[in-house]
Amino acid sequence: MDMAHYSRLYTVVIDVPEADHDREVEFWQGAIGPALQANERYPEYHGALLHGQEFALMIQRLGEGESRVHVDIHTDDLEAEVTRLEKLGAERVQKANDHWWIMRDPAGLLFCVIPDAPGKLNDDNAQRWD
């Protein structure tokens, strides 16, 4: 049986090689306004909340790979949301930092499913899935 849960598209992540990271952070800070702050727990990320804290932009320093863009879906039930997305045609690629799932959509594009703190998502800011 499916569990009722919430999810929302929350973050656009620009993935760049290490050599381009600082310049990319500088560019996007100038483009959008807010400072892109370093994440204490994951220093390869710099980000800012936008539009009244309902949407975020993040720059990720890659260890390897080409520049790309991906989206993050936040949820209050990681397993229920990943299972729901698999039923729609997504595939699990890898569990990252034992915390979130990297997935691939039907066209082969990567995206992440990130757990949010209990109670953070509700009818006012997210989609409820019954």
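Shown above is the structure to which this text applies.
Residues numbered from 1 in each chain as written. Predicted model: local features only at pLDDT ≥ 70, side-chain atom pairs only at ≥ 80, totals over all residues. Heavy atoms only, no water.

## Some thoughts on the side chain of Ser7
Right, on to step 1. Secondary-structure assignment places Ser7 in strand β1 (residues 5–17).
Right, on to step 2. We classify Ser7 as buried; its relative accessible area is 4%.
Right, on to step 3. A polar atom in the side chain of Ser7 sits 2.8 Å from the side chain of Trp129.
Right, on to step 4. Sequence-distant contacts of Ser7, defined by excluding residues within four places in its chain, comprise Ile73, His74, Thr75, Glu81, Arg84, Leu121, Ala126, Gln127 and Trp129. (Helix = DSSP H or I, 4+ residues; strand = E, 2+ residues; numbered from the N terminus. Buried < 20%, exposed > 50% of the residue type's maximum accessible area, 1.4 Å probe, protein only. Polar contact = N/O pair within 3.5 Å; in protein donor to acceptor, adjacent residues only side chain to side chain. Contact = heavy atoms within 4.5 Å.)

## Observations regarding unusual backbone geometry
Right, on to step 1. Here Asn97, not a glycine, exhibits a phi torsion of approximately 50°, which is positive.
Right, on to step 2. By the secondary structure assignment, Asn97 is in the loop between β6 (91–96) and β7 (100–104).

## Comments concerning the pattern of salt bridges
Right, on to step 1. Considering all chains together, one arrives at seven salt bridges under this definition.
Right, on to step 2. In this structure, Glu86 and Arg92 form a salt bridge, with 2.8 Å as the shortest nitrogen-oxygen distance.
Right, on to step 3. We classify Glu86 as partly exposed; its relative accessible area is 30%.
Right, on to step 4. In this structure, the salt-bridge partner of Asp116 is Lys120, at a minimum N-O distance of 3.7 Å. (Salt bridge = Lys/Arg side-chain N within 4 Å of Asp/Glu carboxyl O.)

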